[in-house]
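What follows is the residue order along each chain.
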Amino acid sequence: MASILLSLNTQTVLPLHTKTRTTKTTLKVLRFSHKLPSSSPFYCNHDTRLHLRCQTTTGTPSTADFAVAAGQDRLRKVPIKNIRNFCIIAHIDHGKSTLADKLLQMTGTVQKREMKEQFLDNMDLERERGITIKLQAARMRSVYENEGYCLNLIDTPGHVDFSYEVSRSLAACEGALLVVDASQGVEAQTLANVYLALENNLEIIPVLNKIDLPGAEPDRVCKEIEEVIGLDCSNAIHCSAKEGIGITEILNAIVERVPPPRDTAAMPLRALIFDSYYDPYRGVIVYFRVIDGNIKKGDRIYFMASEKDYYADEIGVLSPNQMQVEELYAGEVGYLSASIRSVADARVGDTVTHYSRKAEQSLPGYEEATPMVFCGLFPVDADQFSELRDALEKLQLNDAALKFEPETSNAMGFGFRCGFLGLLHMEIVQERLEREYNLSLITTAPSVVYRVTCVDDDIVECSNPSLLPEPGKRRSIEEPFVKIEMLTPKDYIGALMELAQERRGEFKEMKYITENRASITYELPLAEMVGDFFDQLKSRSKGYASMEYTFVGYKESDLIRLDIQINGDPVEPLATIVHKDKAYSVGRALTQKLKELIPRQMFKVPIQISTACFMASI
């Protein structure tokens with residue numbers, strides 16, 4: 001057994017064996033009598049000093065102490081067979097961020113004094129709303145059967161609007177923890193994320209969280225997962241991330257059940273960019289997963305999509321803060337800084353390879369995100385137009401689902417027409433622009449893209465009502481439809497079916513998942529869902545229902561343009577495209593609201609709604 005000579009502040013000299021604990025004090029190394037084995041929890045690759053925190057009892061170190069001590073040396077290389085890349089997928093508010101926090105703490109990646117709730121959620125918006133918006137990566141070190149393992153966690157959001165972020169995380173992993181609330185059971189986004197993981201051939205480990213709650217029913221939820229998703233839950237892990245129950249079992253399951261990356265270190269370099277952001281001092285910082293080959297500091301690298309080359313000034317790992325290393329090889333996850341000044345040169349989904357030894361084929365990357373909701377963003381101060389353009393470009397760098405193009409309005413001047421994946425996505429982007437880039441913005445009402453077939457057989461895509469061709473020039477208008485799946489307790493089935501019917505929904509099917517929970521599927525126009533559909537769904541089900549939607553295509557509808565005229569002049573930004581049957585009710589609601597908002601004058605100011613069919617005024 002190895003022995004170390006140590007000294008107390010009182011200059012008392014005593015021997016200390018690696019498996020013996022003494023009084024609770026900080027000890028200073030004077031001399032090593034024998035080199036410690038690398039598997040020891042007190043091993044350190046610095047040969048000058050070693051500080052140990054010892055307890056007052058005697059015996060062997062606990063598993064938690066062992067893990068924390070091992071976690072300090074996260075930069076040590078391990079064989080490729082000992083690397084595990086995994087993510088956590090869950091419905092919103094099922095405890096995903098809390099579980100990630102506990103994994104970081106249990107592996108010693110984050111010290112207890114530095115720990116805070118939602119550690120990986122580093123944006124103020126994420127903390128205020130209690131949701132994850134951006135994916136984050138963290139490298140952890142764990143010891144299993146006296147062997148060191150490198151665990152790369154890529155955290156994912158849970159809301160339906162950020163499913164694109166989830167797809168990027170899944171492409172960089174071999175396994176996933178499926179976290180399900182033991183009191184709530186399977187929700188809509190749980191299903192959607194599982195299907196994404198299965199498409200990527202990931203090993204899925206079911207985890208039942210919040211088993212410490214009085215209303216937890218782990219056996220019922222296990223049965224629900226097996227019936228609804230088809231996953232075997234005989235070895236599902238029961239845990240409570242808040243109380244720290246079952247965390248060790250999760251770490252062991254990751255090592256045992258998640259397959260290691262393929263050993264392709266000898267092949268030409270191919271690294272997949274899954275995220276990036278703009279640093280004002282270092283330029284574009286790229287987060288990537290090395291699929292084949294290896295990359296060293298100082299290498300000349302080549303971006304295959306943008307066809308640009310740079311020198312890798314700095315490479316490192318995220319643990320969770322950036323830590324520099326000299327080399328990364330196949331299977332590892334890290335970051336890259338190469339003084340990239342143009343945000344267009346390093347796009348998410350691009351493949352990084354060596355300039356001198358290029359890979360023959362780039363990696364598949366990601367499917368192009370299709371914006372579902374559009375709105376206009378205009379600066380309050382016209383002088384901020386160029387700042388808004390730069391801010392959108394930088395934001396688009398780590399949010400590839402954001403699309404924008406210039407737009408001019410007679411009322412609001414120069415701005416941008418922006419496309420988003422959903423209403424929450426739109427709200428988050430607006431708040432980030434205002435907070436992070438110090439902009440004051442005006443946002444127009446959200447709308448969707450319509451497809452117009454003209455009489456000369458030309459097809460025009462129209463995201464702005466003011467661009468809609470005149471009635472005499474168009475043959476038909478098609479609008480986007482989505483398939484929406486609502487999961488609800490059986491008591492609220494009638495209320496939710498009524499809501500879908502009011503929004504021009506077409507009933508598809510209803511099935512009982514369990515005795516008390518049902519799944520209702522409708523197809524309805526996206527324009528009807530863009531408004532307050534989600535709020536109404538939560539209100540009518542008292543918060544118990546959840547929803548997931550997917551785009552299914554375009555269908556022809558009887559649509560007209562609704563114009564607003566104030567004092568005889570048309571106001572184009574207020575124009576909307578509505579269904580013919582709802583034109584009068586929507587127009588009347590708009591004019592009533594404008595009557596309240598427009599200040600009183602000494603003369604009459606007529607507010608009118610008009611379409612090709614009728615005109616009404618107030």
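Per chain, residue numbering runs from 1 following the sequence as it is written. In keeping with the model being predicted, local features are shown solely for residues with a pLDDT of at least 70 and side-chain atom pairs are shown and tallied solely at 80 or more, while totals for entire chains, interfaces and linings include all residues. Hydrogens and water are ignored here; the side-chain numbers use all heavy atoms of the structure.

- An unreviewed UniProt entry annotates the protein as Translation factor GUF1 homolog, mitochondrial of Populus alba x Populus x berolinensis.
- You can read under Function (unreviewed entry) in the UniProt record for the protein the words "Promotes mitochondrial protein synthesis. May act as a fidelity factor of the translation reaction, by catalyzing a one-codon backward translocation of tRNAs on improperly translocated ribosomes. Binds to mitochondrial ribosomes in a GTP-dependent manner."
- UniProt positions are given in the numbering used here, feature names are shortened, and annotations may be inferred rather than shown by experiment. Check the Subcellular location (unreviewed entry) section of the UniProt entry for the protein; it says "Mitochondrion inner membrane".

## Description of the packing of aromatic side chains
Here's step 1: Aromatic contacts are taken between Phe, Tyr and Trp rings whose centres are within 6.5 Å, Trp giving its six-membered ring; a plane angle under 30 degrees counts as stacked, one over 60 as edge-to-face, and the others as tilted. Taken as a whole and judged by the stated rule, the model has nine aromatic pairs.
Here's step 2: With a centroid separation of 6.3 Å and an interplanar angle of 70°, the aromatic rings of Tyr-144 and Tyr-149 are classed as edge-to-face.
Here's step 3: For Tyr-144, a relative accessible area of 15% puts it in the buried group.
Here's step 4: Relative accessibility decides the category of a residue: with a 1.4 Å probe and only protein chains considered, values under 20% of the type maximum give buried, values over 50% give exposed, and everything between is partly exposed. Among the residues examined, Tyr-149 registers a relative accessible area of 9% and is labelled buried.
Here's step 5: Seen in terms of ring centroids, Tyr-302 and Tyr-355 are 6.2 Å apart; in terms of plane orientation they differ by 65°. Their pairing is edge-to-face. Placement of the pair is Tyr-302 in strand β14 (residues 300-303) and Tyr-355 in the loop between β20 (351-354) and β21 (373-379), with a sequence separation of 53 residues.
Here's step 6: When its relative accessible area of 33% is taken as the criterion, Tyr-355 is described as partly exposed.
Here's step 7: Through a chain of ring-to-ring contacts, three or more aromatic side chains come together here, namely Phe-385, Phe-404, Phe-414 and Phe-416.
Here's step 8: Over the aromatic face of Tyr-355 sits the side chain of Lys-358, whose NZ or CZ is 4.3 Å from the ring centroid.
Here's step 9: Whether a charge sits over a ring depends on NZ of Lys or CZ of Arg being within 6 Å of the ring centre and within 35 degrees of the ring normal. Here the guanidinium or amino end of Arg-451 rests over the ring plane of Tyr-554, the centre of that ring lying 4.0 Å away. Counting from the N terminus, the helices are the DSSP runs of H or I reaching at least four residues and the strands are the DSSP runs of E reaching at least two.

## Some remarks on helix α13 (residues 583-597)
Structural remark: α-helix, 3.6 residues per turn; residues separated by three or four positions point the same way.
Here's step 1: For α13, which comprises 15 residues, the first-to-last C-alpha distance of 21 Å matches the rise-based estimate of 21 Å (1.5 Å per residue) to within 8%.
Here's step 2: Buried within α13 are the following residues: Ala-583, Gly-587, Thr-591 and Leu-594. Take α13 and look down its axis: the buried residues cluster within an arc of 60°, on one side only.
Here's step 3: Note on contacts: a residue pair qualifies if any of its non-hydrogen atoms lie within 4.5 Å across the two residues. Against the buried residues of α13 lie β31 (559-566), β33 (576-579) and β34 (607-610). Multiplying one less than the number of residues by 1.5 Å gives the expected span of a helix. Each C-beta atom gives one direction from the helix axis, and the arc is the one those directions make.

## A word on the environment of Ala-241
Here's step 1: Note that Ala-241 resides in the loop between β10 (237-238) and α7 (247-257).
Here's step 2: Ala-241 sits in the buried class, given a relative accessible area of 2%.
Here's step 3: Beyond its immediate stretch of four places on either side in the chain, Ala-241 contacts Thr-98, Leu-99, Lys-102, Asn-209 and Ile-247.

## Considerations on the pairing of strand β28 (residues 506-512)
Here's step 1: As paired strands, β28 and strand β29 (residues 517-525) are joined by six bridges and run antiparallel to one another. Bridge pairing in β29 places Tyr-512 opposite Ala-518.
Here's step 2: The rule for pairing is simple: two strands pair if DSSP sees at least two bridges between them. Linkage of β28 to β29, two consecutive antiparallel strands, is achieved through a turn of four residues.

## Let's talk about the sheet that holds strand β5 (residues 83-90)
Here's step 1: Overall, mixed pairing links the six strands, which are arranged β6-β7-β5-β8-β9-β10 in an open sheet. Among the strands making up the open sheet, the edge pair consists of β6 (136-144) and β10.
Here's step 2: Two strands pair when backbone bridges link them, and strand β8 (residues 175-181) and strand β9 (residues 203-209) are joined in this way by seven bridges, in the parallel orientation. Its bridge partner being in β9, Asp-181 is matched across the sheet by Asn-209.
Here's step 3: The strands touched by helix α2 (residues 96-106) within the sheet are β5, β6, β7 (147-155) and β8, with β5 carrying the most contacts at an inclination of about 150°.
Here's step 4: Simply put, an axis is a line fit to the C-alpha atoms, just over the touching stretch for a helix, and the angle between two N-to-C directions goes from 0 to 180 degrees. Packed on one face of the sheet, α7 meets β5, β6, β7, β8, β9 and β10 and runs near 170° to β9.

## Describing the pattern of salt bridges
Here's step 1: Whenever Lys or Arg places a side-chain nitrogen within 4 Å of a carboxyl oxygen from Asp or Glu, that contact is recorded as a salt bridge. Scanning all chains against the criterion turns up 25 salt bridges.
Here's step 2: Salt-bridge contacts for Arg-435 lead to Glu-431; the nearest nitrogen and oxygen are separated by 3.4 Å. One end of the pair, Arg-435, and the other, Glu-431, are both in helix α9 (residues 423-436), four residues apart, so they sit about a helical turn from each other.
Here's step 3: Ionic pairing is found between Asp-457 and Arg-475, a salt bridge with its closest N-O pair at 2.8 Å. With Asp-457 in the loop between β25 (450-454) and β26 (459-462) and Arg-475 in strand β27 (residues 474-489), the pair connects residues that are 18 residues apart, well separated along the chain.
Here's step 4: What emerges from the salt-bridge pattern is a single network uniting Glu-217, Arg-220, Glu-224 and Arg-517.

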